[in-house]
Amino acid sequence: MILVTRLNGSVFAVNPDLIQRVEATPDTVITLVDGAKFIVTEPLGEVVERVMAFRARVVATAHSLEETGTADVLELPAHPHIDTTTASDADGELPAPVPLHRRRP
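All values reported here derive from a predicted model rather than from experimental measurement. (Residues numbered from 1 in each chain as written. Predicted model: local features only at pLDDT ≥ 70, side-chain atom pairs only at ≥ 80, totals over all residues. Heavy atoms only, no water.)

1. A word on the overall build of the protein
Line of reasoning, step 1. From N to C terminus, the protein includes 1 helix and 5 strands.
Line of reasoning, step 2. Overall, the protein shows an N-to-C arrangement of helices and strands of β-β-β-β-β-α.
Line of reasoning, step 3. Classification of the 105 residues of the protein by burial places 23% in the buried group.
Line of reasoning, step 4. Relative to all contacts within the protein whose residues are 6 or more apart in sequence, the contacts with residues 24 or more apart total 39%.
Line of reasoning, step 5. Looking at the protein as shown, the accessible area adds up to about 7600 Å², and 57% of this sits on carbon and sulfur atoms. (Helix = DSSP H or I, 4+ residues; strand = E, 2+ residues; numbered from the N terminus. Buried < 20%, exposed > 50% of the residue type's maximum accessible area, 1.4 Å probe, protein only. Contact = heavy atoms within 4.5 Å. Areas by Shrake-Rupley, 256 points an atom, 1.4 Å probe, with all protein chains shown as cover.)

What follows is the structure, encoded as structure tokens:
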């Protein structure tokens, strides 16, 4: 998942595997394969970089599993608007992601 920011300042996570396209119109619009659209504050290039970093982490984890038989824990990059030290869970973890449901036309 990558973290992005809505225009109202709220941060949410998007599964990069569900992104169909990202456009700069001039606001950055993320369109998912189901047709859902999100306008975010991050510029197009930054969204692309986050997707590339996500995919690099997936490949690195797979490589680690292949080499050692166990996955090393990879740190997620910090999002400028989220302070993970004040997470609501007692163990400091972020809440579990909400499953995405396909939108009906």
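On we go.
2. Some points on unusual backbone geometry
Line of reasoning, step 1. Cis rather than trans, the peptide bond between Thr25 and Pro26 has omega equal to 0°.
Line of reasoning, step 2. Its location among the elements puts Pro26 in the loop between strand E3 (19-24) and strand E4 (28-32).

3. What about the pattern of salt bridges?
Line of reasoning, step 1. Following the criterion strictly, the structure yields 4 salt bridges and no others.
Line of reasoning, step 2. Look at the salt bridges and you will find they share partners, linking Glu42, Glu46 and Arg50 into a network. (Salt bridge = Lys/Arg side-chain N within 4 Å of Asp/Glu carboxyl O.)

4. Considering the sheet that holds strand E5 (residues 37-40)
Line of reasoning, step 1. The strand order across the open sheet formed by 3 strands is E3-E4-E5, and the pairing between neighbours is antiparallel. Two strands lie at the open edges of the sheet, namely E3 and E5, each paired on one side alone. Going from strand to strand, the sheet's axes swing by 20° on average, the running direction of each strand aside.
Line of reasoning, step 2. Note: E4 against E5, 4 bridges, orientation antiparallel. (Pairing = 2+ DSSP bridges. Axes fitted to C-alpha atoms, helices over the stretch in contact; angles between N-to-C directions.)

5. Some remarks on the nonpolar core
Line of reasoning, step 1. Formed by 13 residues in total, the largest nonpolar core has its most connected members in Ile2, Val4, Val14, Ile19, Ile30, Leu32 and Val40.
Line of reasoning, step 2. Elements that contribute at least two residues to this core include exactly strand E1 (2-5), strand E2 (11-14), E4, E5 and helix H1 (44-68). (Core = buried A, V, L, I, M, F, W, Y, C linked by side-chain atoms within 4.5 Å.)

6. Focus on the environment of Glu42
Line of reasoning, step 1. Residue placement: Glu42 occurs in the loop between E5 and H1.
Line of reasoning, step 2. Residue class for Glu42 comes out buried when judged on its relative accessible area of 5%.
Line of reasoning, step 3. Between the C-alpha atoms of Glu42 and Leu7, which are 35 residues apart in sequence, the distance is 9.3 Å.
Line of reasoning, step 4. Polar contacts involving the side chain of Glu42 include one to the side chain of Thr5, which spans 2.8 Å. (Polar contact = N/O pair within 3.5 Å; in protein donor to acceptor, adjacent residues only side chain to side chain.)

7. Examining the pairing of E2
Line of reasoning, step 1. Side chains Phe12 and Val14 project from E2 onto a buried face, and the interleaved Val11 and Ala13 project onto a face without burial.
Line of reasoning, step 2. As paired elements, E1 and E2 share 4 bridges and run antiparallel to each other. In the sheet register, Leu3 faces E2, and the bridge partner there is Ala13.

8. Considerations on H1
Line of reasoning, step 1. Here H1 spans 36 Å end to end across 25 residues, near enough to the 36 Å set by a 1.5 Å rise per residue.
Line of reasoning, step 2. By the burial criterion, the buried members of H1 are Val47, Arg50, Val51, Phe54, Arg57 and Ser64. (Expected span 1.5 Å × (residues − 1).)

Bear in mind that shape data such as this cannot, by itself, settle questions of function.
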